[in-house]
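# Observations on chain architecture
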Amino acid sequence: MEAADYEVLSVREQLFHERVRECIISALLFATLYILCHIALTRFKKPAEFTTVDDEDATVNKIALELCTFTLAVALGAVLLLPFSILSNEVLLSLPRNYYIQWLNGSLIHGLWNLVFLFSNLSLIFLMPFAYFFTESEGFAGSRKGVLGRVYETVVMLVLLTLLVLGMVWVASAIVDNNKASKESLYDFWEYYLPYLYSCISFLGVLLLLVCTPLGLARMFSVTGKLLVKPRLLEDLEEQLYCSAFEEAALTRRICNPTSCWLPLDMELLHRQVLALQTQRVLLEKRRKASAWQRNLGYPLAMLCLLVLTGLSVLTVAVHILELLIDETAMPRGMQDASLGQVSFSKLGSFGAVIQVVLIFYLMVSSVVGFYSSPLFQGLRPRWHDTAMTQIIGNCVCLLVLSLALPVFSRTLGLTRFDLLGDFGRFNWLGNFYIVFLYNAAFAGLTTLCLVKTFTAAVRAELIRAFGLDRLPLPVSGFPRASRKTQHQ
């Protein structure tokens, strides 16, 4: 063999080893996410559904739980996708020739983006509908009972649903584009059809983030206030403990003497209320035993951090709106070649990249808080060891839609200059200036409105409670007027 042949073989061998290394790294990352998601779902699932007398139902629920775990792992991977890419670029800039980070390159990052895109389509179109129909199926009439009969019915329902959804998307694409190529796109399933369907889903997810994130940013202050111990000026734990003890004693007397009341009593409801009050009292006892540092320093620092992060988010979006008017490169766009380690995507260097990552995570947490706080999705909120299987499936689908829209959401708002990789940048609406500009303006306006309304109302209510004005007989703004019956009592 000639020297040129040996050189070609060495290049092919090197490419083969790089592909194997990337596959191993991707598998290890996904396995880690899968284990974490499985631990989380086992904490929320209802144990009665997995220990039923009917082994068939328990087997079906276990299979559905594994599919939900896979979907939740993909959602978590989609959340980590953009922050991991930004930090990887900064690491390659700081350590360009380090031997121990040679595995971190543009090919690996691009492959992770493509895998998340592929698995997300697989989960949304096939796995989650299959899990839902599988849990609800009973087998065809006249067929043999068992898991296999349920599988047959689920596959038939899934095929019919797939044909219906694909037909609707094909008709929608033909109406929107109104040309021959779009009407023949039914035969071009992978190159046009699935990306168009994913573009519609991503657009719905971005709109959902537009509604949920401002609401979540406003709710973060109250949620953090419930988790942390407030200073004594802002809450009276002794009074809350006394009230909780009195309510528990009253409910206990009603349970012990049910004949003393002429109204019918729901004993199960009373027992649940007593358990809830006992749990609340234990939490209040822990909060009362908190140290002075935790009470007087932890709560103000947490509120200050939330205020700074929220202000940075709104300021970044406002600056991006101005950039959209004067700079064409501010528009979100796709990038096919992940050339990492060339230039920083932040004007502040590594420090700015860290701020971008923190803001992305903060907005994602705020969107989840706002999603579960909205009246439309409040009933979908999971409960500890008391979440039905269908509810787990619904939560996984919603979290996946929110997570997949996060990279597009972050790039559209200008939180980062890292362009979208792979099929994430092939969405048609990303190049529309009016959609991007109106989206940024709507986000800034909604966030400012929610913050002003919530923050002023919260501060006013806390000050009124701190000075005891809510216990006065006079009506106070922000509190409901007491009824005549209550005043006579």
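Because the structure is predicted, anything quoted here is derived from the model rather than measured.

This part is about the packing of helix α2 (residues 55–94) against helix α11 (residues 389–412). Two numbers describe how α2 lies on α11: the axes approach to 8 Å, and their chain directions differ by 15 degrees. Taken together, α2 and α11 sit at an angle that is classed as roughly parallel. In the packing of α2 onto α11, the handedness of the crossing is left-handed. Listed contacts from α11 to Asn61, Ala64, Leu65, Cys68, Thr71, Leu72, Val74, Ala75, Ala78, Val79 and Leu82 of α2 are Met389, Ile392, Ile393, Cys396, Leu399, Leu400, Ser403, Leu404, Leu406, Pro407 and Ser410.

Attention shifts here to α2. End to end, α2 covers 56 Å across 40 residues, agreeing with the expected 58 Å (1.5 Å per residue, within 8%). Along α2, the helix axis deviates most sharply at leucine 80, where the bend reaches about 35 degrees; the proline proline 83 sits within four residues downstream.

Turning our attention to the pattern of salt bridges. Close approach of charged atoms allows side chains of opposite charge to pair. Tallied over the full model, the rule gives 1 salt bridge. A salt bridge links glutamate 22 to arginine 19, with the shortest nitrogen-to-oxygen separation between them at 3.9 Å. Residue glutamate 22 and its partner arginine 19 are both found in helix α1 (residues 3–44); the two are separated by 3 residues, about one turn of the helix. Residue class for glutamate 22 comes out buried when judged on its relative accessible area of 11%. Of the residues examined, arginine 19 reaches a relative accessible area of 42% and is grouped as partly exposed.

Before going further, it helps to spend a moment on the packing of helix α10 (residues 350–373) against α11. One way to put it is that α10 packs onto α11 with a least axis distance of 11 Å and a crossing angle of 145 degrees. Relative to α11, α10 is oriented so that their crossing is right-handed. In contact with Ile360, Leu363, Met364, Val368, Phe371 and Tyr372 of α10, α11 contributes Asn395, Cys398, Leu399, Leu402, Ser403, Leu406, Phe409 and Ser410. For the contact of α10 with α11, the residue count by class is 11 nonpolar, 3 polar and no charged.

Calculation criteria
- Residues numbered from 1 in each chain as written.
- Predicted model: local features only at pLDDT ≥ 70, side-chain atom pairs only at ≥ 80, totals over all residues.
- Heavy atoms only, no water.
- Axes fitted to C-alpha atoms, helices over the stretch in contact; angles between N-to-C directions.
- Helix = DSSP H or I, 4+ residues; strand = E, 2+ residues; numbered from the N terminus.
- Parallel < 35°, antiparallel > 145°, perpendicular 65-115°, else oblique.
- Left-handed = near helix turned anticlockwise from the far one by under 90°.
- Contact = heavy atoms within 4.5 Å.
- Expected span 1.5 Å × (residues − 1).
- Bend = angle between axes of the 7 residues up to and from the residue.
- Salt bridge = Lys/Arg side-chain N within 4 Å of Asp/Glu carboxyl O.
- Buried < 20%, exposed > 50% of the residue type's maximum accessible area, 1.4 Å probe, protein only.
- Nonpolar A, V, L, I, M, F, W, Y, C, P; charged D, E, K, R; others polar.

Coordinates in, geometry out; function isn't part of it.
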